[in-house]
Amino acid sequence: MKRIFVYLSLLCLCAVISCSDDDEFTASPSAGLTFSVDSVKMDTIFSTVGSRTYDFWVYNHGDRGLRLKSVHLRMGNQTGFRVNVDGSYLDNSLGSVVNDLEVRSGDSLRVFVELTAPRNQQQEPQLVEDQLVFTLESGRQQHVTLWAHSWDAQIIDSIIVSRDTLIESRQPVVIMKGLRVDSAATLTVRHTTLYFHDKAGVDVYGTLKTDSVVFRGNRLDHLFSYLPYDRISGQWRGVHIYPSSFENELIATEIRNAEYGLLCDSTTFPTDRQRLYMERSVVHNCAGPGLLAFNSWVGLLRCQFSNTQDECVAIYGGAAILDHCTLAQFYPFAAGSGVALRFANFYDRQPYPLEVMRMTGSIVTGYADDVVMGERMEEDSLTAFSYYFENDLLRTPALADTVNCRSIIWETKDDSLQGKQHFRLIDEHNLIYDFHLDSLSTARGLGCYE
C-alpha cells in the first residue's frame, strides 16, 4: 500500500511539472509564430456577394507559450474582410480586433477568412487588399496579407420579361434565381455575359434572341488551385425552351457548364416556324445533354457541341439541319457518357416522326468506338425516319447506305489518327479544350472551325 502511495505521488509530481512547463510563456522579441501561408490569395469575386471561406494555420513551434495582445485587420472594416481566429470573431463593428489569445508550445490556431467587398464603381475588377496583424506580448508584430479582386456586377434576384426587352451590359449580370421570358415577349441579349447562380436558369415561353453572349455559372473561384469552377459541369440549370416558344436565334453565343445546355420541349411539329436557330455558337461541358429537341425544327450552322454527360445533340422527331458543326464527346467526369449524336423517330416508346435529319460538312467524334446512334421504332414502319449525311467525318461503323450517306470519312478505333488527335488541345487534367483542327487531322475543311 505504501508503495502504491509513493508511485501515485510521483505521478502527480510529474503531472504538476508537466503542466508547469506547458503553462510557461515567453515575452522574448525573438519568439514568434509560424504561418502555413504568407498570404491568402482569393479568387475574383463579385462586389457585395460573399466569397467562399478560406483558411490557414498559425503555429507555435517554440518551447514556450506565446500570448497575443491582439489580432486585428490593419484597415479595420474598410475592405470587407471577415476573420475568425480559432472561434474568436473579429467584430467589424468593434474595430475588427480580438484580444488576449494564447498559443501554447506545440499548439496552433486555425484562421478563417471571408470577403464581401463593397462596390468599387469601376468597370474592371479592382484589387482589394488588407493585412491580418498578430501583435505578440513582446510587441512584435507579424502579419498575413489578404487580397482578392472585386468586380462590380448587376446582381438581380430574378428577371421576368413580359414585354419586348433588350439586355446589353458591359458589366456582368448575375442572376440569382432565374430568368423567364413570357409567351408574348421577345428578349434580346447582346454583348453581355449572364452569370447564373446554382439552380438558376432561363425559361423561354416567348422568344430569345442573342448575339455575342455567354451564359455560365456565377462561381469565379477554384475547386482546386489549377481548376476553376468554370470548367466544372452542372454549375447552373440551362436554357429551357417551352412548347409555346418559336423563332429563337442564338448567334455567337456560348452556353457552358450547365446541368443541360438547351432543352426544346415537345410540341406539335411546325412546318412553317423554326423553333431554334444557332450560328457560330458553343454548348460545352454539361452534366446532361447539350441539345435535346423534341418535334422541333432546329437549324445549326458552324456550332460546337462538346463534352456532355448525356448526348451532345439528341433529336427526337421533327427536323434538324446541321451544317459544318463539330460534335465532340470527350466528357471527363463519368464513364458511360452519352453519344455525340442521337436521332430517332420515337421516345419512351411513343412515335416522334423524324421528317428530316440532315448533316453536311461536319465532324462527329469522341472517346467511344461508336458515337453516332440512329434509332428507328421497329414495330412502326409508317412513322417517318429520314436522315442524310454528306461530306462528314463520323466515328461509327461504316454503313453500306450510299443513298443517305455520301462522301463520308468513317472513323474507327483502328485508324492511326482518331478522336481527340484531330484537335489542337485535349487537356484532360486541367480540362482545357480547343476544338480547332490540328494540322494533321484528316477532317480538314470539316467542322465549325474549318
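Residues numbered from 1 in each chain as written. Predicted model: local features only at pLDDT ≥ 70, side-chain atom pairs only at ≥ 80, totals over all residues. Heavy atoms only, no water.

**Describing the pattern of salt bridges**
Under the definition given, this model contains 22 salt bridges. Its salt-bridge partner being Asp182, residue Arg180 comes within 2.6 Å of it at the nearest N-O pair. For Arg180, a relative accessible area of 35% puts it in the partly exposed group. When the shortest N-O distance is used, the salt bridge between Arg395 and Glu411 registers 3.0 Å. In this pair, Arg395 is assigned in strand 35 (residues 393–395) and Glu411 in strand 37 (residues 409–411), connecting sequence segments 16 residues apart. Glu411 carries the same exposure label as Arg395, and that label is buried. In the salt-bridge network here, residues are joined through shared partners; they are Arg216, Asp230, Glu254 and Arg256. (Salt bridge = Lys/Arg side-chain N within 4 Å of Asp/Glu carboxyl O. Buried < 20%, exposed > 50% of the residue type's maximum accessible area, 1.4 Å probe, protein only. Helix = DSSP H or I, 4+ residues; strand = E, 2+ residues; numbered from the N terminus.)

**As for the sheet that holds strand 4 (residues 66–73)**
Whether parallel or antiparallel, the strands of a sheet pair through hydrogen bonds between backbone atoms. Strand order in this open sheet of five strands is 2-10-9-4-7, and the pairing throughout is mixed. Where the open sheet ends on each side, the last strands, each with one partner, are strand 2 (39–46) and strand 7 (97–103). Strand-to-strand twist of the sheet, defined as the mean angle between neighbouring strand axes without regard to direction, takes the value 20°. Two strands pair when backbone bridges link them, and strand 4 and strand 7 are joined in this way by six bridges, in the antiparallel orientation. Directly across from Leu66, in strand 7, lies its bridge partner Val103. (Pairing = 2+ DSSP bridges. Axes fitted to C-alpha atoms, helices over the stretch in contact; angles between N-to-C directions.)

**What about the layout of surface pockets?**
What the largest pocket holds in volume is close to 330 Å³. Taken together, 18 residues make up the lining of the largest pocket; nearest its centre are Glu254, His284, Leu431, Ile432 and Tyr433. Of all the secondary structure elements, the ones that give two or more residues to the lining of the largest pocket are strand 20 (248–256), strand 23 (282–286), strand 25 (304–308) and strand 39 (432–437). Here the lining of the largest pocket takes five residues from strand 39, the largest share from any one element. Class assignment of the residues belonging to the lining of the largest pocket gives a composition of seven nonpolar, six polar and five charged. Roughly 230 Å³ of internal volume is contained in the second largest pocket. What lines the second largest pocket is a set of 14 residues, and nearest its centre among them are Val49, Gly50, Asn218, Arg219 and Asp221. (1 Å grid on protein atoms, 1.4 Å probe; cavity = no way out; pocket = protein on both sides within 12 Å on 5 of 7 lines; lining within 4 Å. Points joined across faces, edges and corners; volume = space filled by probe spheres on them. Nonpolar A, V, L, I, M, F, W, Y, C, P; charged D, E, K, R; others polar.)

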